[in-house]
Amino acid sequence: INGLPYNYITKKGHLKALNACINCAVRYGKLNHNPIQSVTLKRSRDEITERDIVEPEDLHRLLLGVAYESKDRHFAAVLALLFFTGMRVSLLAPGTPIGQTAFNDQRAEYCERYGVQWSPNLHRRSCASYYAALWGKSMAAELLGNSPDMIASNYQTGTFKEKAEKYFGNNVDFLDDGGHTTAKI
């Protein structure tokens, strides 16, 4: 399990499920003991980091850069949807003509071009953290479809209400295409 290309939390979940299956086999007499009961996961120092969230100014720069400099307003709209709703990429990207892999490649290119350091679940963590700063952990949990405990343990990072107001309220029209599509950030 340690050699798998997944993060620590995913590996821990796999190990827990495997343990439960083997414990069931022991309970039903199919095995004498659970051979992986004492297996522990090593956590690299690289994985033990502060949970990051996007700064409001960085998000602003990314969305405006993608929409205007790169002239890719549709992709900017998708990024805005992810960052302002906390929606999972897997729910949105497969429905696009380009698919999830191409989506991730394009997102990585734009993030590098506009100076945004992307990490897995950056948009969900940012949305949850800023939403919780404005309206509380329970409302953030409801928005993201998780329990308040799950929000606290997996997504929420402490931030300030003023910063959250900037995140949700930059008031920049970045999708104005002659009055047909306008969104505020």
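Description of the structure in this document. This is a predicted model, so every value here is computed, not measured. (Residues numbered from 1 in each chain as written. Predicted model: local features only at pLDDT ≥ 70, side-chain atom pairs only at ≥ 80, totals over all residues. Heavy atoms only, no water.)

## As for the nonpolar core
Under the convention used in this document: For this analysis, a nonpolar core means a set of buried residues of the types Ala, Val, Leu, Ile, Met, Phe, Trp, Tyr and Cys, connected via side-chain atoms within 4.5 Å. Residue exposure (1.4 Å probe, protein chains only): buried if accessible area is under 20% of the type maximum, exposed if over 50%, otherwise partly exposed. Under the DSSP-based scheme used, a helix requires at least four consecutive residues in state H or I and a strand at least two consecutive residues in state E, with every element numbered from the N terminus.
In terms of nonpolar packing, the biggest core is built from 37 residues, with Val54, Leu59, Leu62, Val66, Phe83, Ile151 and Tyr167 touching the most fellow members. Among the secondary structure elements, those contributing two or more residues to this core are helix H2 (56-69), helix H3 (73-85), helix H4 (89-92), helix H5 (99-113), helix H6 (122-135), helix H7 (137-144), helix H8 (148-155) and helix H9 (161-168). It is H3 that contributes the most residues to this core, 8 residues altogether.

## Examining the state of the cysteines
Heads up, the rule is: Cysteine sulfurs are considered disulfide-paired once they come within 2.5 Å of each other.
According to the stated counting rule, one finds 0 disulfides in the structure shown. Cys21 supplies the cysteine sulfur nearest to Cys24, a cysteine that is in no disulfide, at a spacing of 7.4 Å.

## With respect to the environment of Ser126
The line we're drawing: Contacts were defined at the residue level, with two residues in contact if any of their heavy atoms lie within 4.5 Å.
Note that Ser126 resides in helix H6. Residues Ser126 and Gly86 lie 40 residues apart in sequence; the distance between their C-alpha atoms is 7.8 Å. Apart from the residues lying within four places of it in its own chain, the contact partners of Ser126 are Ile53, Val54, Phe83 and Tyr167.

## As for the pattern of salt bridges
Selection rule: What counts as a salt bridge is simple: a side-chain nitrogen of Lys or Arg found within 4 Å of a carboxyl oxygen of Asp or Glu.
If you walk through the whole model with that rule in mind, you get 5 salt bridges. Here Arg125 and Asp52 are joined by a salt bridge, their closest N and O atoms 2.9 Å apart. You can see Arg125 sitting in helix H6 and its partner Asp52 sitting in the loop between helix H1 (8-27) and H2, a full 73 residues away along the chain. For Arg125, a relative accessible area of 7% translates into the label buried.

## Points about the packing of aromatic side chains
Defined as follows: By convention, a stacked pair of Phe, Tyr or Trp rings (six-membered ring in the case of Trp) has centres within 6.5 Å and planes under 30 degrees apart, an edge-to-face pair has planes over 60 apart, and any other such pair is tilted.
What the rule picks out here adds up to 11 aromatic pairs. Clustering of aromatic rings is evident, with ring pairs tying together Phe84, Tyr130, Tyr131, Trp135, Tyr167 and Phe168.

## Structural notes on the side chain of Ser129
Cut-off, in case you're wondering: Here a polar contact means two N or O atoms within 3.5 Å. Within protein one must be a hydrogen donor candidate and the other an acceptor candidate, and residues neighboring in sequence count only if both atoms are side-chain atoms.
For Ser129, the position within the fold is in helix H6. Taking the relative accessible area as the measure of exposure, Ser129 reaches 1% and is therefore buried. A distance of 2.8 Å separates the side chain of Ser129 from the backbone oxygen of Arg125, its partner in a polar contact. With sequence-adjacent residues up to four places away left out, Ser129 is seen in contact with Ile53, Tyr155, Gln156, Thr157 and Thr159.

## Here's the deal with the side chain of Ser70
Relative to the assigned elements, Ser70 resides in the loop between H2 and H3. With residues near it in sequence (within four places) discarded, Ser70 still touches Gly65, Tyr110, Arg113 and Tyr114.

## Here we look at the packing of H2 against H3
So the rule is basically this: Axis angles are defined between N-to-C directions and span 0 to 180 degrees, where every axis is a line fitted to C-alpha atoms and, for a helix, only to the segment in contact. In what follows, roughly perpendicular refers to angles from 65 to 115 degrees, roughly parallel to angles under 35, roughly antiparallel to angles over 145, and oblique to any angle outside these ranges. Crossing handedness is defined as follows: a turn of the near helix away from the far one that is anticlockwise and smaller than a right angle gives a left-handed crossing, while the clockwise case is right-handed. Residues were grouped as follows: Ala, Val, Leu, Ile, Met, Phe, Trp, Tyr, Cys and Pro as nonpolar; Asp, Glu, Lys and Arg as charged; and all remaining residues, including Gly, as polar.
Relative to each other, H2 and H3 sit at 155 degrees, their axes nearing to 7 Å. Considering their axes alone, H2 and H3 lie roughly antiparallel with respect to each other. Taken as a pair, H2 and H3 cross one another with a handedness that is left-handed. Contact residues: H2 offers Leu59, Leu62, Leu63, Val66, Ala67 and Tyr68, while H3 offers Arg73, Phe75, Ala76, Leu79, Ala80, Phe83 and Phe84. Residue composition of the contact of H2 with H3, grouped by class: 12 nonpolar, no polar and 1 charged.

## A few points about the environment of Leu41
Examined against the element boundaries, Leu41 turns out to sit in the loop between H1 and H2. Considering only alpha carbons, one finds Leu41 and Leu15, 26 residues apart in sequence, at a separation of 8.7 Å.

Shape is all these values report; function is a separate question.
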